[in-house]
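# Reading the structure
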Amino acid sequence: MSEFMQNSVFWGVAISFVSYGIGMMLQRKFRMAIFNPLLISVILIMLFLTISGTDYRVYQEGADVISYFLTPATVCLAIPLYEQIELLKKNFKAIMIGILSGVLTSLVSVLAMSVFFGLNHKEYTTLLPKSITTAIGMGVSEELGGYVTLTVAIIIITGILGSILAEAACKVFHITEPIAKGVAIGTASHAIGTSKAMEMGETEGAISGLSIAVAGLLTVAGASVFACFL
Amino acid sequence: MKYLRQFSIILLISLVGEALHSLIPLPVPASIYGLAILFIALASGVLSLDKVKETGYFLIEVMPLMFIPAAVGLLGAYHVLMPVLLPYAVITLVSTLLVMLVAGRVTQFMTGEEAKE
């Protein structure tokens, strides 16, 4: 079976789509945030690989073609943003200050807790870009001397966590304004959180998409300063 | 044909983004250049919305799927993650929630202030 999978062109993509489909079905059925389609599909694939004794790299080789669409999809986040251009113009200052405060919170909280847990410089810089999109975060981690593979893992976990917690967090924290929800979700949990924001509403989604880009760029600058602190 | 044309436009913009990324020595990924280009093209009227809309929204809708291969790659980071699992789990959870709280509340406060002006 392993040999078949190594030679098969389609299985990696097929298993990804099917497992994501199962995730969506479960989410519709149970209507609970923890039934996140991305989380479920990743767990199902990991189980499948472990049980069948297949190396995850064999899977990645086949499935990587899906990742190639990440750049065009991110580019398309400009579309909902353009559709909300009036709202963006009107609240530009609030949105920018909101994102900046989120980025600073991320850097300060990671620094404080890294000191608390006694992490070393490499372990700390690995975590600094945790809230921004993988494409930027990988570069930041590499530049500052973190473990890039681990950074990617943490970024994805942060995204999944953000999309699972988004609705509950907005409720508990009394974040009721769609623009504020968008900034909160996009700044905390980049593109994966943004998919959740898109489900919550057009404004939430558009502003969350904008926050990915702005928070990403602010973090590049901020993280290089914060890297000197530990 | 419509979808093919829309997808071609999106891919071409991604390509330009990639070119800018390789030309400009800044840590800005191709996708962010592309996002800026598409936004400017739409806002300036160079490109009309119906030239990209349906395919664009389709790509956004299926975006979580595109993270599956990288997320499964977690299996490869397993041995590096295990020794720092507890601090990393706590830091990731707490800081993600804190960012949501601060970013959301500050924005909400600021939009309220702007509305008052």
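Residues numbered from 1 in each chain as written. Chains lettered and ligands numbered in written order. Predicted model: local features only at pLDDT ≥ 70, side-chain atom pairs only at ≥ 80, totals over all residues. Heavy atoms only, no water.

Following the sequence through the fold, Thr105 of chain A ends up in helix α8 (residues 92-117). Taking the C-alpha atoms as reference, Thr105 of chain A lies 21 Å from Pro178 of chain A; in sequence the two are 73 residues apart. Each residue touching Thr105 of chain A, except ones within four places of it in the same chain, is listed here: Leu98, Val99 and Val102 of chain B. (Helix = DSSP H or I, 4+ residues; strand = E, 2+ residues; numbered from the N terminus. Contact = heavy atoms within 4.5 Å.)

The next point concerns the packing of aromatic side chains. Taken as a whole and assessed by the stated rule, the structure comprises six aromatic pairs over all chains. Aromatic pair Phe69 of chain A and Phe7 of chain B: ring centres 6.0 Å apart, planes at 25°, arrangement stacked. Of this pair, Phe69 of chain A sits in the loop between α4 (56-67) and α5 (70-75) while Phe7 of chain B sits in helix α1 (residues 2-23), which puts the two residues in different chains. Residue classification places Phe7 of chain B among the partly exposed positions, given a relative accessible area of 22%. Centroid distance Phe116 of chain A to Phe117 of chain A: 5.2 Å. Interplanar angle 80°. Geometry classified as edge-to-face. Every member of this aromatic cluster is reached through a ring pair, and the members are Trp11, Phe48 and Tyr59 of chain A. Here Lys122 of chain A stacks its cationic end above the ring of Tyr147 of chain A, 4.7 Å away from the centre of that ring. (Phe/Tyr/Trp six-rings, centres within 6.5 Å; stacked < 30°, edge-to-face > 60°. Buried < 20%, exposed > 50% of the residue type's maximum accessible area, 1.4 Å probe, protein only. Lys NZ or Arg CZ within 6 Å of the ring centre and 35° of its normal.)

Among the nonpolar cores identified, the biggest contains 88 residues, and Tyr59 and Leu128 of chain A together with Leu38 and Ile68 of chain B are the most heavily contacted of them. Of the residues forming this core, the biggest block, nine residues, is contributed by helix α13 (residues 202-226) of chain A. The contacts of Tyr59 of chain A, once residues within four sequence positions are left out, are Trp11, Gly12, Ile15, Ser16, Ile45 and Leu49 of chain A together with Ile68, Pro69 and Val72 of chain B. Cys170, Ile175, Ala184 and Ala197 of chain A belong to the second largest nonpolar core, which has 12 residues in total. (Core = buried A, V, L, I, M, F, W, Y, C linked by side-chain atoms within 4.5 Å.)

This part takes up the confidence of the model for chain B. Residue and element names in this part refer to chain B. Model confidence for chain B is summarised by a mean pLDDT of 90, while 96% of its residues fall at 70 or above. Predicted confidence in chain B is weakest over helix α5 (residues 74-81), with a mean pLDDT of 84, and strongest over α1, with 95. In the model output, the complex is listed with pTM 0.88 alongside ipTM 0.90. (pLDDT = per-residue confidence, 0-100.)

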